[in-house]
Structure formats: C-alpha cells, structure tokens
Amino acid sequence: MKKLRLRLEKWSKLIMLVFLLALTFSYAMFQGGFVSWFLFYSFLPFGVYALVILLYPLNDFHVERIAGDGALRAGDSLEMRILLKRQYAVPILYISVEELLPRNLDISSGSAKKNALVFIGFKREYELSYTLKNLARGEHEFSDIVLRTGDLLGIVEKERVVKAQETVLVLPRTVQLSIRQFKSEYEYGQRTNLYKHRQETSMVSGIRDYEPGDRMVTIDWKSSAKGVGLKSKNFEENHSSDSFLMINSISEYHVFEEMVTFTASLAEAVLEKGMRVGIWARGDHDQLIEVKEGKVHREHILHFLARLQALEIGESAYAPPNRSIPEHASLIFITSELNISMVQAYTRLSDRKRPLTILFFQQDAKRGMEKSEEDAYYYAANHGVNISIVRDKSEWNVWKELGRR
C-alpha cells in the first residue's frame with residue numbers, strides 16, 4: 001500500500017507539472033503579447049527544474065560517515081564527517097541532510113538532531129561535518145541519515161533514508177586518586193588488604209605459561225630461553241591485594257555518572273600499582289569482570305564501564321554470587337541507594353573473611369539522610385562495615401581513611 005501511495009503521489013505531481021506548463025503555454029499562445037509570453041518563460045525554468053527533481057532518483061546518492069579517530073573520554077569533542085557521493089552530475093540546487101542523535105547524546109547536548117542545508121549544484125562529491133561537544137559516556141550508535149530535496153515552488157518534495165551506521169564508544173573520564181594502605185585484622189593476625197602488592201617475589205612456587213598482562217619481573221627468563229615460549233613464575237601469595245568493586249546500576253542518571261567516574265578512577269589507581277581488580281554491576285545479568293591485572297584488563301574494565309547504563313528499576317540480587325569473588329578480596333560497594341536489606345546482603349557476602357567498604361553517593365547533597373538510610377548506615381557501622389557518605393567530588397578521597405575504626 002505504501003509503494004502504491006508513493007507511485008500515485010509521484011504521478012499526480014508529474015501530471016500537475018505538465019498541466020501547469022501546458023496551461024501557461026496555452027495562455028501565451030491564445031492571449032499573445034509580451035505579458036503572457038513573459039509569464040510562460042518565467043515559469044518554464046521552475047517547471048523544468050521540478051521535472052528534473054521529480055525524475056532524478058535520490059538512490060544515486062551514497063552516504064559515508066567518518067567518525068574521528070582515537071579513544072574518546074567523557075567530556076571530549078567528536079567531529080563527525082559525512083561524505084555525499086553520486087554518479088550523475090544532475091543539477092540540484094539544495095539538499096537537506098538530517099540525522100537523529102543517539103539518546104544519551106540528546107541528554108548531554110540538549111539537541112535531538114543535526115541539520116545541514118547543502119547547496120550541491122553539479123558537484124558529484126560533497127563533504128560536511130559537525131562537532132559534538134561534551135560527549136556523554138557510553139556506546140553511541142549513529143544510524144540513519146535523511147536526505148531531502150525539492151523544487152523552488154514547493155510542488156515536488158523527495159526524501160530518502162540512507163543507512164550509515166557507526167558506533168562510537170566514549171570511555172568514562174578518570175581522575176587521579178592517591179592510594180593509601182590500610183589494614184584489617186583476621187583470625188591469624190594482621191593482613192595487608194587492598195593496597196599491598198599481591199605477591200612475595202622471593203617465594204617461587206612454580207612455572208606457568210606467560211599470560212598477557214604479566215609483569216616483567218615475573219618472567220622466568222631461564223625457562224623461556226629453552227625455546228618453549230615465554231614462561232612466568234608462580235609465587236606464594238602471603239598477602240592478598242585483590243579488590244572487587246561493586247556498583248549499583250539502579251540509580252538516577254547524573255549521580256550514576258559520578259559513580260562510574262569514581263569506579264573507573266579507583267580501578268585505574270589499583271591497576272597502576274600492579275594489583276588485581278574485578279567489577280560487578282547490579283542491575284543486569286552477567287555484568288561481571290573477573291579479578292585480574294594488567295593493561296589489557298584495564299581496557300576491558302573501561303569498556304565495560306563505558307557500556308554500563310543507569311536503570312530506573314531492577315529485580316536482580318543485591319550482591320553477586322559468593323563463588324565469583326576471590327576468598328580474601330577486598331569488597332567495595334558503590335551505591336546511591338541504601339537500605340538494611342542491601343547492607344545485610346553485603347554483610348553476608350563479606351562473612352568477616354573479606355573487608356567490606358560501602359560508599360553511599362547521596363543523590364541530593366543538600367538533604368539529610370532518610371530514616372531508612374540512617375538505619376542501614378548504623379546497622380553497617382555496628383557490624384564492622386566501613387561505610388561513608390559521599391556528597392561531592394571533594395569527598396572522593398574519603399575512602400583512604402576507611403580502614404580506621
């Protein structure tokens with residue numbers, strides 16, 4: 001039905017143009033004189049141009065989208081180039097280029113679409129570009145581009161939707177966080193927790209195949225020289241520096257962006273010290289990255305956090321499965337909601353084998369804590385959980401003092 005309607009519309013416009021041309025010509029022939037012929041010759045270029053637009057297929061246009069190179073971070077600018085190519089140099093006075101921006105970019109830029117009016121004339125190629133400033137974190141999918149043109153009198157209007165898909169990944173922006181060591185006590189005395197290197201390099205327990213991300217000091221050059229590939233040393237782990245970051249995705253958009261920035265910054269700071277880190281996100285299934293170390297793992301974490309989205313509601317469990325976390329890993333839970341049920345779930349997850357820190361990012365820094373939040377706060381404090389309220393970026397380093405009770 002749609003194709004039939006478009007064909008009928010095209011033929012009706014063609015009949016109208018032919019009728020108008022015939023009408024003005026007949027008027028000039030029967031009336032005669034300068035005025036009537038002037039009217040005919042004045043309308044003739046507009047009529048012929050309208051016929052050209054009507055008969056010219058917009059399928060002749062090929063659209064190519066070129067995004068800027070390099071890794072993008074939240075807050076950066078992106079130059080998007082659109083290249084129009086066509087085979088036939090048919091004269092077209094103008095063509096309108098329009099595309100809808102991805103939803104997250106609507107929020108950050110305040111504009112839902114980008115428009116450009118191109119006076120292409122006889123050109124077979126034309127390039128236009130626009131810049132998106134202050135990019136929001138996330139995976140942004142640019143899709144269709146709409147081309148529109150028409151005649152000068154508005155009789156003929158044509159439109160074509162062109163597929164020009166491009167995905168742009170914007171990583172979360174990170175800030176510098178200084179790491180301070182703190183200690184927790186266990187059944188067998190004191191154990192350095194989050195901020196101590198994970199391995200005692202003097203105690204070698206075996207040899208294994210090299211894995212991407214292994215530090216240079218762990219490579220066994222003697223075994224590697226035998227020609228069986230790179231080998232790394234296994235060390236006895238007298239101390240654990242594994243950390244496991246848990247972020248609550250069920251949150252309001254703007255405070256969630258702050259939480260993601262903090263999580264990415266903390267993960268980078270830990271990895272830069274040569275320690276291991278993993279991440280779990282509450283809100284969707286299978287949102288977990290195992291505890292590892294190295295540059296490849298760092299990129300994996302940043303890509304994971306770039307794609308993470310805030311959710312209004314969720315039915316997932318408060319905490320990840322116990323089996324997915326190393327036995328003595330330090331737990332850091334980052335959330336913008338707080339209740340006793342949630343704190344109890346993480347207290348059980350800790351089970352006094354893992355030190356637990358809860359960072360409560362308060363959505364409205366001006367208001368006080370609600371009764372349910374206060375109850376959860378004091379419950380955590382009374383059960384040996386390090387808990388702190390984070391109201392703005394100036395308090396992001398408060399976690400350095402959390403080991404003091």
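To be clear, the structure that these remarks concern was listed above.
Chains are numbered independently. Their residues run from 1 in the order of the written sequence. Predicted model: local features are reported for residues with pLDDT of at least 70 only, side-chain atom pairs are reported and counted for 80 or more only, and whole-chain, interface and lining totals are derived from all residues. Side-chain measures were taken over the full set of non-hydrogen atoms in the model, leaving aside hydrogen atoms and water.

Can you walk me through the overall build of the protein in this structure?
Helix and strand assignments come from DSSP, with helices taken as H or I runs of at least 4 residues and strands as E runs of at least 2, each series counted from the N terminus. When its secondary structure is counted, the protein shows 8 helices and 18 strands. Sequence-distant contacts in the protein: of pairs separated by 6 or more residues, those separated by 24 or more amount to 70%. Every accessible area reported is derived by Shrake-Rupley at a probe size of 1.4 Å, with residue values counting cover from the shown protein chains alone. Surface accessibility of the protein: about 22,500 Å² in total, with carbon and sulfur atoms responsible for 53%. The criterion used for residue contact is that any of the two residues' heavy atoms lie within 4.5 Å.

Hey, could you run me through the sheet that holds strand β4 (residues 95-100) in this one?
Strand pairs in the sheet, formed through backbone hydrogen bonds, run parallel or antiparallel to each other. When DSSP finds two or more bridges between two strands, those strands count as paired. The 5 strands are arranged β2-β8-β7-β4-β5 in an open sheet whose pairing can be described as mixed. Each having just a single partner strand, β2 (72-73) and β5 (113-118) make up the two edges of the open sheet. Relative to strand β8 (residues 157-171), β2 runs parallel, the two sharing 2 bridges. When the bridges of β8 are listed, Leu 72 appears paired with Val 170. In this analysis an axis means a line fitted to C-alpha atoms, helices contributing only their contacting stretch, and an angle means the value between N-to-C directions, from 0 to 180 degrees. Packed on one face of the sheet, helix α6 (residues 295-307) meets β2, β7 (138-150) and β8 and runs near 135° to β8.

Sorry, what's going on with helix α7 (residues 340-350) here?
Each full turn of the α-helix corresponds to 3.6 residues, which orients residues three or four apart in the same direction. A 1.4 Å probe rolled over the protein chains alone gives each residue an accessible area, and that area as a share of the maximum for its type sets the label: buried under 20%, exposed over 50%, partly exposed in between. Residues of α7 that are buried include every one of Met 342, Val 343, Ala 345, Tyr 346, Thr 347, Leu 349 and Ser 350, and no others. Just downstream of α7, Asp 351 is the residue with a positive phi angle, here 55°.

What's the story with the packing of helix α5 (residues 253-272) against α6 in this structure? I'm lost.
The geometry of a pair of packed helices is captured by two quantities: the angle between their axes and the separation between those axes. Contact geometry for α5 and α6: axes closest at 10 Å, N-to-C directions at 175°. Accordingly, the angle class assigned to the pair α5 and α6 is roughly antiparallel. In this structure, α5 contributes Val 260, Thr 263, Ala 264, Ala 267, Glu 268 and Leu 271 to the contact, and α6 contributes His 297, Arg 298, Ile 301, Leu 302 and Leu 305. Here the contact of α5 with α6 is composed, by residue class, of 7 nonpolar, 2 polar and 2 charged. Should an angle lie under 35 degrees it is considered roughly parallel, over 145 roughly antiparallel, and from 65 to 115 roughly perpendicular; all remaining angles are considered oblique. Nonpolar residues are Ala, Val, Leu, Ile, Met, Phe, Trp, Tyr, Cys and Pro. Charged residues are Asp, Glu, Lys and Arg, and all others, Gly as well, are polar.

Hey, could you run me through the pattern of salt bridges in this one?
Any two side chains of opposite charge can pair, so long as their charged atoms come close to each other. Basic side-chain nitrogens of Lys or Arg form a salt bridge, by our definition, when they fall within 4 Å of a carboxyl oxygen of Asp or Glu. The final tally for this structure, using the stated rule, is 15 salt bridges. A salt bridge links Lys 113 to Glu 98; its shortest N-O distance comes to 3.9 Å. With a gap of 15 residues between them, Lys 113 in strand β5 and Glu 98 in strand β4 connect regions that are remote in the sequence. Judged by its relative accessible area of 38%, Lys 113 is partly exposed. Put simply, Asp 242 and Arg 276 hold a salt bridge, and the shortest N to O gap is 2.8 Å. With Asp 242 in the loop between β12 (231-235) and β13 (243-248) and Arg 276 in the loop between α5 and β14 (277-282), this residue pair connects regions lying 34 residues apart in the sequence. Assigned by exposure class, Asp 242 and Arg 276 land together as buried. Taken together, the shared-partner salt bridges connect Arg 73, Glu 268, Arg 298 and Glu 299 into one network.

Please explain unusual backbone geometry as it appears in this structure.
Apart from glycine, the bulk of residues carry a negative phi angle, and the bulk of peptide bonds sit in the trans form. One non-glycine residue, Asn 134, lies in the positive phi region at around 55°. Judged by its relative accessible area of 47%, Asn 134 falls in the partly exposed class.

Mind showing me how you'd approach the environment of Val 48 here?
Structurally, Val 48 can be placed in helix α2 (residues 33-55). Considered as a pair, Val 48 and Leu 17 are 31 residues apart in the sequence and their alpha carbons are 8.7 Å apart.

When you look at the pairing of strand β16 (residues 330-335) in this model, what are you seeing that I'm missing?
Side chains on a regular strand alternate between the two faces of the sheet. The buried fraction of β16 amounts to 6 of the 6 residues, a majority that puts the element mostly inside the structure. Covered by surrounding structure in β16 are Ser 330, Ile 332 and Ile 334 together with Leu 331, Phe 333 and Thr 335, the residues of both alternating faces. Two strands pair when backbone bridges link them, and β16 and strand β17 (residues 356-361) are joined in this way by 5 bridges, in the parallel orientation. The residue of β17 that forms the bridge with Ile 334 is Leu 359.

Can you walk me through a nonpolar patch on the surface in this structure?
A grouping of Phe 46, Leu 93, Leu 117, Phe 119, Leu 152 and Leu 153 is seen on the molecular surface, where their side chains present a nonpolar patch of about 580 Å² in accessible area. Structurally, the position occupied by Leu 153 is in the loop between β7 and β8. Nonpolar side chains (Val, Leu, Ile, Met, Phe, Trp, Tyr) within 5 Å and like charges within 9 Å form the patches, drawn only from residues with over 30% relative accessible area and no salt bridge.

What's the story with α2 in this structure? I'm lost.
Spanning 23 residues, α2 covers 33 Å between terminal C-alpha atoms, matching the ideal 33 Å at 1.5 Å per step. In this analysis the local bend is the angle between axes fitted, respectively, to the seven residues ending at and the seven residues starting at the residue. At Leu 44, α2 shows its maximal kink, close to 30°; a proline, Pro 45, follows between one and four residues later. Within α2, burial applies to Ser 36, Phe 40, Phe 43, Gly 47, Tyr 49, Ala 50, Leu 51, Ile 53 and Leu 54. Helices are assigned an expected span. That span is 1.5 Å times one less than the residue count.

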